[in-house]
Amino acid sequence: MTNNVLNDATDQVKKLRRSRSDKMIAGVCGGVAKMIGVDAAILRIILVAATLLGFGTGAILYVAAWILMPEEDAAV
């Protein structure tokens, strides 16, 4: 019985993964948008604004997320 409870809880946890389907470059914005439940276009606009207004900070964060975030599993 404990295994069933643990498996159910694990299935409900949202995992941060790069998107395979909703991506422009690497799928970082698509993955984050899927996890927090917003449109990826909004996050892309915010990222561009952060890059332009923050002296490249948005681009550095994007590259770091690209390297650190695993890609989501392939759909079977």
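Bear in mind that the values here come from a model prediction, so they are computed numbers and not experimental data.

### Some thoughts on the overall build of the chain
- Across its full length, the chain holds four helices and zero strands.
- N-terminal to C-terminal, the α/β element order of the chain is α-α-α-α.
- Split into buried and exposed, the 76 residues of the chain put 22% on the buried side.
- The long-range share in the chain, meaning contacts at least 24 apart out of those at least 6 apart in sequence, stands at 47%.
- Surface accessibility of the chain: about 5,800 Å² in total, with carbon and sulfur atoms responsible for 66%.

### As for the packing of helix α2 (residues 28-36) against helix α3 (residues 40-53)
- The N-to-C vectors of α2 and α3 enclose an angle of 125°; their axes lie 8 Å apart at closest approach. In terms of orientation, α2 lies oblique with respect to α3. Every pair of crossing elements has a handedness; the one defined by α2 and α3 is right-handed. Residues Cys29, Gly30, Val32, Ala33 and Ile36 of α2 pack against Ala40, Leu43, Arg44 and Leu47 of α3.
- A per-class count over the contact of α2 with α3 returns seven nonpolar, one polar and one charged.

### Re the packing of aromatic side chains
- Tallied over the full model, the rule gives one aromatic pair.
- With a centroid separation of 6.3 Å and an interplanar angle of 70°, the aromatic rings of Tyr62 and Trp66 are classed as edge-to-face. Remark: Trp66 and Tyr62 occur in helix α4 (residues 57-68); sequence separation between them is four residues, near one turn of the helix.
- Here Trp66 falls in the partly exposed class, since its relative accessible area comes to 39%.

### Some words on the UniProt feature "transmembrane region" (unreviewed entry) in the chain
- Those residues carrying the UniProt feature "transmembrane region" (unreviewed entry) are residues 45-69 in this numbering.
- Secondary structure content for residues 45-69 is 84% helix and 0% strand, and the end C-alpha separation is 20 Å.

### Some words on the nonpolar core
- The biggest cluster of nonpolar side chains holds nine residues, and these are Ala26, Val28, Cys29, Ala33, Ala40, Leu43, Tyr62, Ala65 and Met69.
- Listed by contribution, the elements that provide at least two residues to this core are α2, α3 and α4.
- No other element matches the three residues that α2 contributes to this core.
- Excluding anything up to four places from it in sequence, Ala65 contacts Arg18 and Val28.

Rules used throughout
Residues numbered from 1 in each chain as written. Predicted model: local features only at pLDDT ≥ 70, side-chain atom pairs only at ≥ 80, totals over all residues. Heavy atoms only, no water. Helix = DSSP H or I, 4+ residues; strand = E, 2+ residues; numbered from the N terminus. Buried < 20%, exposed > 50% of the residue type's maximum accessible area, 1.4 Å probe, protein only. Contact = heavy atoms within 4.5 Å. Areas by Shrake-Rupley, 256 points an atom, 1.4 Å probe, with all protein chains shown as cover. Axes fitted to C-alpha atoms, helices over the stretch in contact; angles between N-to-C directions. Parallel < 35°, antiparallel > 145°, perpendicular 65-115°, else oblique. Left-handed = near helix turned anticlockwise from the far one by under 90°. Nonpolar A, V, L, I, M, F, W, Y, C, P; charged D, E, K, R; others polar. Phe/Tyr/Trp six-rings, centres within 6.5 Å; stacked < 30°, edge-to-face > 60°. UniProt positions renumbered as here; feature names shortened; annotations may be inferred. Core = buried A, V, L, I, M, F, W, Y, C linked by side-chain atoms within 4.5 Å.

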